[in-house]
Amino acid sequence: MDVLFCHGLESAPHGAKYHALADAGLQVIAPDCREKDLGERVKLLAAAIAEHQPRIVVGSSYGGIAGLLASLVAREQGHAIEGLLMCAPALALPNPDGLDVARACPAPTVIIHAPADAVCPFSASEAFATEHGAQLISVEDDHRLSASLPRIVDEAKRLLQP
């Protein structure tokens, strides 16, 4: 399995980013996290990492923070990933109650975010990248990153290179 895709709060598992990754020839699994809070998502995604052993995790918005936390939980359980790509992640949100995991990069980590994002603050991505050594890619786009789909695919493929 190449990619575990974590969709956003108000999107579905098989949206534009999922299709862009799959259409690029990547093997992608996207668990349905609709109507799940952050704690439930983290548990579901960590279990999916353990079961499917994806090489990388790609998370969008609410799925970005969920993918980060799930990757950290999975790593603590012995299931490491090779890379993490967060797209306009909701990094300003706190960890869910009962999840005592320190935020860090679980593997080489890339963040693609638009300074003009009106939903998730770009400053949270800047702070995470500075504090934890993630690569931050600033794009001219909005929260959905629709114009940045080719860049998302390129960065996912780069993370998958040996």
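None of the values given here were measured: they were computed from a predicted structure.

Q: Before we go on, may I ask you to explain the overall build of the chain in this structure?
A: From N to C terminus, the chain includes five helices and six strands. Each helix and strand of the chain, placed in order from N terminus to C terminus, yields the pattern β-α-β-α-β-α-β-β-α-β-α. Relative to the 2.2 N^0.38 estimate, which gives 15 Å for 162 residues, the radius of gyration of the chain is 14 Å and therefore close to what a compact globule would have. Judged by the C-alpha coordinates and their principal axes, the chain covers about 35 × 35 × 30 Å. Split into buried and exposed, the 162 residues of the chain put 52% on the buried side. Looking at the chain alone, contacts between residues at least 24 apart form 73% of all its contacts between residues at least 6 apart. On the chain, the mean spot of the 12 positive side-chain charges and the mean spot of the 20 negative ones are 3 Å from each other.

Q: Any chance you could explain unusual backbone geometry here in plain terms?
A: In the Ramachandran plot, Ala88 falls in the positive-phi region, its phi being about 45° despite a non-glycine side chain. Position of Ala88 among the secondary structure elements: in the loop between strand S4 (83-87) and strand S5 (109-113). Residues other than glycine seldom take positive phi values, yet Leu145 does so here, at roughly 60°. Residue position: Leu145 is located in the loop between strand S6 (135-138) and helix H5 (149-160). For Leu145, a relative accessible area of 0% puts it in the buried group.

Q: Could you clarify how one ought to interpret the nonpolar core in this entry?
A: Note that soluble globular proteins tend to have their nonpolar side chains buried in a common cluster. If you look at the biggest cluster of nonpolar residues, it comprises 33 residues, and the most contacted ones within it are Leu68, Leu91 and Phe128. Secondary structure elements with two or more residues in this core: strand S1 (3-6), helix H2 (38-52), helix H3 (62-76), S4 and helix H4 (122-132). Sort the elements by how many residues they give to this core and H3 lands first, with nine residues. Not counting residues within four places of it along the chain, the set of residues in contact with Leu68 comprises Leu84, Met86, Leu91, Arg103, Ala104, Pro106 and Phe128. In this structure, Val28, Leu85, Cys87 and Val139 belong to the second largest nonpolar core, which totals 24 residues.

Q: Would you explain the pairing of strand S3 (residues 56-60) in this entry?
A: Here S3 lies mainly inside the structure; five of its five residues are buried. By the alternation rule, side chains of S3 split into Ile56, Val58 and Ser60 and Val57 and Gly59, which are all buried. Pairing of S1 with S3 involves four bridges; the strand directions are parallel. Paired with Cys6 across the two strands is Gly59, which belongs to S3. In terms of handedness, the path from S3 via H3 over to S4 forms a crossover that is right-handed.

Q: In this structure, what is going on with H3? I would like to understand it.
A: Residues spaced three or four apart along an α-helix point in a common direction, a consequence of the helix completing one turn every 3.6 residues. A rise of 1.5 Å per residue sets the reference length of H3, with its 15 residues, at 21 Å; its end C-alpha atoms lie 22 Å apart and thus fit the reference within 8%. With 13 of its 15 residues buried, H3 lies for the most part within the structure. Just downstream of H3 lies Gly78, where phi reads positive at about 90°.

Q: What exactly am I supposed to notice about the packing of helix H1 (residues 16-23) against H5 here?
A: How two helices sit against one another is set out by the angle between their axes and by the gap between those axes. Taken N-terminus to C-terminus, the directions of H1 and H5 make an angle of 55°; their axes are 10 Å apart at the nearest point. One element, H1, and the other, H5, form an angle in the oblique class. Every pair of crossing elements has a handedness; the one defined by H1 and H5 is right-handed. For the pair H1 and H5, contact is made by Ala16, Lys17, Ala20 and Leu21 and by Leu149, Ile152, Val153 and Ala156, respectively.

Q: Would you take a moment to explain the pairing of S6 for this structure?
A: Remember that side chains alternate between the two faces of the sheet whenever the strand is regular. Both S5 and S6 contribute to a ladder of four bridges, which runs parallel. Bridge pairing in S6 places Ile111 opposite Leu136. A crossover connection joins S5 to the parallel S6 through H4; in handedness this β-α-β unit is right-handed.

About the cut-offs
Residues numbered from 1 in each chain as written. Predicted model: local features only at pLDDT ≥ 70, side-chain atom pairs only at ≥ 80, totals over all residues. Heavy atoms only, no water. Helix = DSSP H or I, 4+ residues; strand = E, 2+ residues; numbered from the N terminus. Rg over C-alpha atoms; globule rule 2.2 N^0.38 Å. Buried < 20%, exposed > 50% of the residue type's maximum accessible area, 1.4 Å probe, protein only. Contact = heavy atoms within 4.5 Å. Lys, Arg positive; Asp, Glu negative; His and termini not counted. Charge placed at Lys NZ, Arg CZ, Asp CG, Glu CD. Core = buried A, V, L, I, M, F, W, Y, C linked by side-chain atoms within 4.5 Å. Pairing = 2+ DSSP bridges. Right-handed = clockwise from strand over helix to strand, strands pointing away. Expected span 1.5 Å × (residues − 1). Axes fitted to C-alpha atoms, helices over the stretch in contact; angles between N-to-C directions. Parallel < 35°, antiparallel > 145°, perpendicular 65-115°, else oblique. Left-handed = near helix turned anticlockwise from the far one by under 90°.

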